[in-house]
2 protein chains.
Amino acid sequence: MDTVVNIGLVGFGTVGEGVYQLLRENHDIILQKTGIDLRLKKICDLRADDIKKNLTGVTVSSDWKDITGDRDIDIVVELIGGIEPAKSILLESLNCGKNIVTANKKLLAEEGTEIFETARRLRGKIGFEAAVGGGIPCVQALKGGLVGNRIESINGILNGTTNFILTMMEECDLSFGEALKEAQEKGFAEADPTFDVEGYDAAHKIAIISMLAFNRKIEYDKIGKEGITSISSVDIRYAQEMGYVIKLLGISKMVDDEIDIRVHPTMIHSTHPLASVRNEFNAIMYIGDMAGPVTLTGKGAGSRPTASAVVSDIVQIVQSIQNIEGYPIITETANYLPADKRLSRYYLRVHTLDEPGILSKISGVLGEYKISIASVIQQEMDCDFVPLIIMTYAAYEHDMLAALDEIRAFDFVETVIFIRVEDSIDWGDKHE
Amino acid sequence: MDTVVNIGLVGFGTVGEGVYQLLRENHDIILQKTGIDLRLKKICDLRADDIKKNLTGVTVSSDWKDITGDRDIDIVVELIGGIEPAKSILLESLNCGKNIVTANKKLLAEEGTEIFETARRLRGKIGFEAAVGGGIPCVQALKGGLVGNRIESINGILNGTTNFILTMMEECDLSFGEALKEAQEKGFAEADPTFDVEGYDAAHKIAIISMLAFNRKIEYDKIGKEGITSISSVDIRYAQEMGYVIKLLGISKMVDDEIDIRVHPTMIHSTHPLASVRNEFNAIMYIGDMAGPVTLTGKGAGSRPTASAVVSDIVQIVQSIQNIEGYPIITETANYLPADKRLSRYYLRVHTLDEPGILSKISGVLGEYKISIASVIQQEMDCDFVPLIIMTYAAYEHDMLAALDEIRAFDFVETVIFIRVEDSIDWGDKHE
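The structure reproduced in this document is the subject of the present report. This structure is a prediction, so every number in the text was calculated from the model and none was measured.

So, the overall build of chain A
And step 1. Within chain A one finds 15 helices and 20 strands.
And step 2. With 432 residues in all, chain A has 61% of them scored as buried.
And step 3. Intrachain contacts of chain A at a sequence separation of at least 6 include 70% that bridge at least 24 residues.

Rendered as structure tokens:
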């Protein structure tokens with residue numbers, strides 16, 4: 001039987017809208033996967049009158065007490081940010097016997113222990129995955145997947161704005177000012193970027209995650225914070241020359257019984273798991289004494305990724321209360337995509353005799369099957385068989401295999417190697 | 001009050017020993033973090049007599065019925081692998097009202113639906129994080145963190161042996177045979193490597209994770225499997241030239257209502273999140289419709305990482321049954337590491353007048369503070385102030401800051417930039 005859960009949402013900004021969208025678009029898939037029927041019952045926002053006009057099936061109020069005082073609401077989601085009234089809303093929700101979900105990193109970093117202590121005392125659940133790393137399930141990884149580990153250190157790229165700026169500086173040879181401007185144009189930086197570029201935002205996040213990892217109260221003021229405004233492209237260039245990249249890292253580790261916690265620009269070797277995290281992406285690397293280094297990478301901000309984290313908190317709170325989870329739900333047997341519908345790019349290495357007209361014959365066969373060539377490498381070689389390297393555009397595998405049969409049948413062809421190419425997805429970068 | 005949980009362990013091989021070690025070393029930290037008192041009550045292994053000699057505080061038997069029939073055991077951990085008797089042990093455990101944890105990828109990939117169906121019918125919990133990706137919490141990320149998402153695709157480096165071989169081929173210019181030999185010497189490949197290099201192991205894992213992501217029964221035989229034995233370093237070289245790397249990927253995605261699922265060598269662009277996953281590391285990239293791409297990287301095998309996954313399953317099963325979790329436990333206020341105990345390497349960029357003897361004066365100051373220089377870049381420049389780039393060995397920050405004050409005081413020094421360098425940790429590679 002499905003479990004109905006009524007949600008009250010306080011704050012209908014970017015993330016609030018994302019949660020609303022998610023619950024509309026993916027309500028059924030969540031129900032199917034978990035048996036949980038999530039219902040957004042009430043929204044509270046100061047712009048209630050405007051919001052009301054565009055939404056159906058949900059009550060909108062401008063008074064948050066309409067949510068905390070509603071007996072039918074099981075979980076209160078706080079998305080307004082800042083200390084007050086967010087703190088009062090969360091505490092009052094706990095007092096009313098509700099569970100809470102928040103994305104409020106400032107509140108948790110600066111006054112989290114009071115919230116946690118109240119939750120514990122009242123046996124209320126609190127979810128805050130969205131407060132650190134947006135759509136990356138990094139809180140859950142720490143509380144769940146790594147629960148058997150003593151955490152030795154945490155290193156994180158915890159701010160997308162600064163990572164975007166540093167990536168632009170490195171890859172496009174921009175100055176800090178130019179890269180900041182680009183970030184602002186793309187919506188990755190605020191008009192006043194201080195909070196991000198000075199490392200304050202990253203410090204909030206490393207504080208929260210370190211509290212959880214080391215079970216210690218951490219005073220936000222005690223965290224050393226240094227931003228990226230003094231980084232110049234000259235340093236990025238020299239770092240590259242020595243095999244390093246510069247990232248703004250949040251770092252914390254336990255040294256005996258003392259915590260070393262700070263945010264600053266850091267050089268890391270190009271083979272470091274965080275070195276390849278580009279653009280606005282965030283990442284966090286935990287080192288556990290059992291698991292070793294575990295790195296999670298994804299979008300650290302934005303409406304949809306943050307909504308993903310909020311809803312995962314809601315579902316997990318319901319699952320832990322109701323004890324309704326524990327086995328995968330297999331609804332039906334899969335249908336398999338036939339090869340003639342499978343689309344991909346291909347790399348071909350064809351070894352042929354060194355004769356004239358060969359490229360034209362091979363490309364002719366590819367053309368017959370409507371396979372276009374993206375690039376070719378053919379080099380002069382001092383041997384009987386020369387390699388011809390072809391990268392194609394996307395084509396159906398079925399066609400590719402048929403073309404390969406014809407190519408292999410040519411008497412001037414010795415061997416053909418073919419490798420599928422996966423790309424064209426959005427991982428924060430349109431590289432072609 | 002603490003919750004006592006009795007564990008029965010079937011199979012005392014590498015992973016079994018890891019679980020035993022973990023429960024000894026980290027019992028107290030788990031208790032402190034979660035309030036769960038994990039006790040390894042019984043071990044079953046055919047070599048019971050040998051094992052008994054080296055262990056204390058735990059019963060060892062050679063008959064698995066001693067575990068399934070023990071009323072005090074709450075959770076049975078199956079670590080013997082293969083179909084039988086593993087399947088009988090798991091089904092019998094469920095029948096006896098126990099919850100189960102398994103690392104058995106073959107069983108779950110080939111007969112998982114029967115196990116899942118039985119668990120669901122009997123309302124038993126099943127944990128199988130250790131079956132996919134070793135210490136990487138990738139099952140949990142899918143079930144928990146991404147539960148609000150429609151999963152669009154999964155791409156994974158799911159086999160450490162083949163990733164190690166491909167990395168060696170790429171970075172050390174070895175042939176497949178040479179790289180395989182190196183993998184065997186390092187213990188990353190079996191004497192008979194067929195199961196790994198032909199993609200069968202990766203296919204088991206992509207089957208399990210796809211079942212979970214798409215809620216479909218997947219027949220292992222229907223998965224296209226192609227190994228890496230035909231990959232030559234020539235192809236790796238050409239791929240590099242075009243900006244790509246070759247990885248053995250497990251791939252699955254839903255195309256309308258059909259699943260495209262396969263394992264084969266794949267070219268991915270060097271900026272792809274999986275391109276930088278090196279050596280024996282595993283990684284999995286989920287693309288969710290809300291969260292976007294989320295990538296998890298870590299050690300995919302080995303005694304300690306796999307034990308970490310097993311224990312995380314145990315804890316989560318207990319938490320979901322007992323409803324005993326939901327707030328971080330803050331035990332005390334942190335003590336902070338003072339700067340004179342903070343150790344790091346440093347990058348310095350010093351702009352000086354172009355005069356003789358300057359390097360000796362600056363290195364003299366560093367020497368006074370016992371800071372050794374690892375490398376220096378000084379280039380001829382056609383301007384008044386020339387940059388001197390210094391990379392130091394590890395030194396205390398306190399000393400570094402004092403040395404910087406002295407260096408800044410020289411009248412030939414214009415500006416000094418200093419950036420901390422983080423490295424020297426084990427992320428699968430000793431790069432210096």
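That shown, we press on.
Section: the sheet that holds strand β6 (residues 126-127) of chain B
Residues and elements named next belong to chain B.
And step 1. Strand order in the open sheet made by the six strands is β3-β2-β1-β4-β5-β6, with parallel pairing throughout. Bordering the open sheet on either side are β3 (59-61) and β6, each of which pairs with just one other strand.
And step 2. Bridge count between strand β2 (residues 36-44) and β3: three bridges; the pairing is parallel. Along β3, the bridge assignment pairs I43 with V60.
And step 3. Seen against the sheet, helix α13 (residues 303-322) touches β1 (3-10), β2, β4 (75-78), β5 (99-102) and β6 and runs at an angle of roughly 160 degrees to β5.

Re the interface of chain A and chain B
And step 1. Contacts between the two partners involve 135 residues from chain A, matched on the other side by 135 residues from chain B.
And step 2. For the pair chain A and chain B, the two sides together bury roughly 11900 Å², of which 56% comes from carbon and sulfur.
And step 3. Inspection of the chain A/chain B interface yields 12 salt bridges.
And step 4. Residue K253 of chain B is joined to E422 of chain A by a salt bridge in which the shortest nitrogen-to-oxygen separation is 3.3 Å.
And step 5. Summed over the shared surface of chain A and chain B, the number is 46 residue pairs in polar contact (both at pLDDT 80 or more).

Observations regarding the environment of E114 of chain A
All names here are of chain A.
And step 1. Following the sequence through the fold, E114 ends up in helix α6 (residues 105-122).
And step 2. Spatially, the C-alpha atom of E114 lies 33 Å from that of L274, the residues being 160 residues apart in sequence.
And step 3. Each residue touching E114, except ones within four places of it in the same chain, is listed here: K87 and L91.

Points about the packing of aromatic side chains
And step 1. Taken as a whole and judged by the stated rule, the model has 12 aromatic pairs over all chains.
And step 2. A centroid spacing of 5.4 Å and a plane angle of 35 degrees characterise the contact between F116 of chain B and F128 of chain B, whose relative ring orientation is tilted. Pair noted here: F116 of chain B is in helix α6 (residues 105-122) and F128 of chain B is in the loop between β6 and α7 (138-145), with a separation of 12 residues, a long-range link. Like F116 of chain B, the residue F128 of chain B is buried in the burial classification.
And step 3. K65 of chain A extends its terminal NZ or CZ atom over the ring of W64 of chain A, reaching a point 4.6 Å from the ring centre.
And step 4. The ring of Y220 of chain A carries the charged tip of K225 of chain A above its face, separated from the ring centre by 4.3 Å.

A few points about the sheet that holds strand β6 (residues 126-127) of chain A
Residues and elements named next belong to chain A.
And step 1. Read across the open sheet, the six strands follow the order β3-β2-β1-β4-β5-β6; overall the sheet is parallel. For this open sheet the edge positions go to β3 (59-61) and β6, each flanked by a neighbour on one side alone.
And step 2. Taken strand by strand, helix α13 (residues 303-322) contacts β1 (3-10), β2 (36-44), β4 (75-78), β5 (99-102) and β6, and its axis lies near 160 degrees from that of β5.

Some words on the pattern of salt bridges
Side-chain pairs of opposite charge can arise whenever the charged atoms involved come near each other.
Residue and element names in this part refer to chain B.
And step 1. For the structure on display, the rule yields 59 salt bridges over all chains.
And step 2. Between K41 and D70 there is a salt bridge, with the nearest N and O atoms lying 2.8 Å from each other. Of the two residues, K41 sits in strand β2 while D70 sits in the loop between α4 (65-68) and β4, which places them 29 residues apart along the sequence.
And step 3. For D70, a relative accessible area of 8% puts it in the buried group.

Comments concerning the nonpolar core
And step 1. Among the nonpolar cores identified, the biggest contains 153 residues, and I209 and Y286 of chain A together with I209 and Y286 of chain B are the most heavily contacted of them.
And step 2. If we ignore the near neighbours within four places in the chain, the residues touching Y286 of chain B are C138, V139, A141, L142, L146, S153, I154, I209, G292, P293, V294 and L296 of chain B.
And step 3. With 35 residues, the next largest nonpolar core counts I7, L22, I36 and L40 of chain B among its residues.

Describing the side chain of D260 of chain A
And step 1. For D260 of chain A, the position within the fold is in strand β11 (residues 258-269).
And step 2. Overall, the relative accessible area of 3% leaves D260 of chain A in the buried class.
And step 3. At a separation of 2.9 Å, a polar atom in the side chain of D260 of chain A contacts the side chain of R342 of chain B.
And step 4. Dropping the residues within four chain positions of it, D260 of chain A is found in contact with I251, S252, K253 and V255 of chain A together with L337 and R342 of chain B.

Observations regarding the side chain of H269 of chain A
Residue and element names in this part refer to chain A.
And step 1. Within the element layout of this structure, H269 appears in strand β11.
And step 2. For H269, a relative accessible area of 14% puts it in the buried group.
And step 3. Here T271 takes part through its side chain, which lies 2.9 Å from a polar atom of the side chain of H269.

A closer look at the packing of helix α7 (residues 138-145) of chain A against helix α11 (residues 200-214) of chain A
Residues and elements named next belong to chain A.
And step 1. α11 packs onto α7 with a crossing angle of 5 degrees between their chain directions and a minimal axis gap of 10 Å. Here α7 lies roughly parallel to α11, going by the angle between them. Within the contact between the two elements, α7 uses C138, V139, L142 and K143 and α11 uses I209, L212 and A213.
And step 2. Class assignment for the residues of the contact of α7 with α11 results in six nonpolar, no polar and one charged.

Overview of the relation of the copies chain A and chain B
Both copies of the chain are related by one operation, a rotation about an axis with a shift along it.
And step 1. Expressed as a screw operation, the relation of chain A to chain B combines 0.0 Å of axial shift with a rotation of 180 degrees, fitting to an RMSD of 0.0 Å. The superposition of one copy onto the other is thereby described by a two-fold rotation axis.
And step 2. Comparing interface residues between copies, 100% of those in chain A also sit at the interface in chain B, which points to an isologous, same-surface contact.

A short note on unusual backbone geometry
And step 1. Note that the residue after E84 of chain A, namely P85 of chain A, is joined by a cis bond; omega there is 5 degrees.
And step 2. With a phi close to 55 degrees, D173 of chain A is a non-glycine residue in the positive phi region.
And step 3. Looking at the element boundaries, D173 of chain A is found in the loop between α8 (160-171) and α9 (176-185).
And step 4. On the accessibility criterion, D173 of chain A (51% relative accessible area) is exposed.
And step 5. The backbone phi angle of N215 of chain B is positive, close to 55 degrees, even though this residue is not glycine.
And step 6. Among the structural elements, N215 of chain B can be located in the loop between α11 (200-214) and β8 (216-217).
And step 7. Residue N215 of chain B is classed as buried on the basis of its relative accessible area, which comes to 5%.

Focus: helix α12 (residues 233-241) of chain A
And step 1. All of the buried residues along α12 of chain A are D235, I236, Y238 and A239 of chain A. Across the axial projection of α12 of chain A, the buried residues extend over an arc of 165 degrees, all falling on one side.

What about the pairing of strand β20 (residues 413-422) of chain B?
Residues and elements named next belong to chain B.
And step 1. A large share of β20 lies buried, amounting to eight of its 10 residues.
And step 2. Looking at chain direction, strand β16 (residues 343-353) and β20 are connected through eight bridges and run antiparallel. Paired with Y347 across the bridge in β20 is I419.

Some points on a negative patch on the surface
And step 1. A surface patch of like charges, here negative, comprises D354, E355, E380, D384 and D411 of chain A.
And step 2. Residue position: E355 of chain A is located in the loop between β16 (343-353) and α14 (358-368).

Considerations on the state of the cysteines
When the sulfur atoms of two cysteines share a covalent bond, that bond is a disulfide.
All names here are of chain B.
And step 1. This structure, assessed with the given rule, holds zero disulfides over all chains.
And step 2. With no disulfide partner, C44 has as its closest neighbouring cysteine sulfur the one in C96, 14 Å distant.
And step 3. Classification of C44 by relative accessible area gives buried; the value is 5%.

A closer look at the environment of G364 of chain A
All names here are of chain A.
And step 1. Its place among the elements puts G364 in helix α14.
And step 2. G364 gets classed as partly exposed once you look at its relative accessible area, which sits at 33%.
And step 3. Measuring from C-alpha to C-alpha, the distance between G364 and A374 comes to 14 Å, with 10 residues separating the pair along the chain.

Definitions and cut-offs
- Residues numbered from 1 in each chain as written.
- Chains lettered and ligands numbered in written order.
- Predicted model: local features only at pLDDT ≥ 70, side-chain atom pairs only at ≥ 80, totals over all residues.
- Heavy atoms only, no water.
- Helix = DSSP H or I, 4+ residues; strand = E, 2+ residues; numbered from the N terminus.
- Buried < 20%, exposed > 50% of the residue type's maximum accessible area, 1.4 Å probe, protein only.
- Contact = heavy atoms within 4.5 Å.
- Pairing = 2+ DSSP bridges.
- Axes fitted to C-alpha atoms, helices over the stretch in contact; angles between N-to-C directions.
- Buried area = accessible area lost by both parts, 1.4 Å probe.
- Salt bridge = Lys/Arg side-chain N within 4 Å of Asp/Glu carboxyl O.
- Polar contact = N/O pair within 3.5 Å; in protein donor to acceptor, adjacent residues only side chain to side chain.
- Phe/Tyr/Trp six-rings, centres within 6.5 Å; stacked < 30°, edge-to-face > 60°.
- Lys NZ or Arg CZ within 6 Å of the ring centre and 35° of its normal.
- Core = buried A, V, L, I, M, F, W, Y, C linked by side-chain atoms within 4.5 Å.
- Parallel < 35°, antiparallel > 145°, perpendicular 65-115°, else oblique.
- Nonpolar A, V, L, I, M, F, W, Y, C, P; charged D, E, K, R; others polar.
- Least-squares fit on C-alpha atoms with pLDDT ≥ 70 in both.
- Arc of directions from axis to C-beta.
- Patch = residues over 30% accessible without salt bridge, like charges linked within 9 Å, V, L, I, M, F, W, Y side chains within 5 Å.
- Areas by Shrake-Rupley, 256 points an atom, 1.4 Å probe, with all protein chains shown as cover.
- Lys, Arg positive; Asp, Glu negative; His and termini not counted.
- Charge placed at Lys NZ, Arg CZ, Asp CG, Glu CD.
- Disulfide = S-S within 2.5 Å.

Honestly, it's all geometry; don't read function into it.
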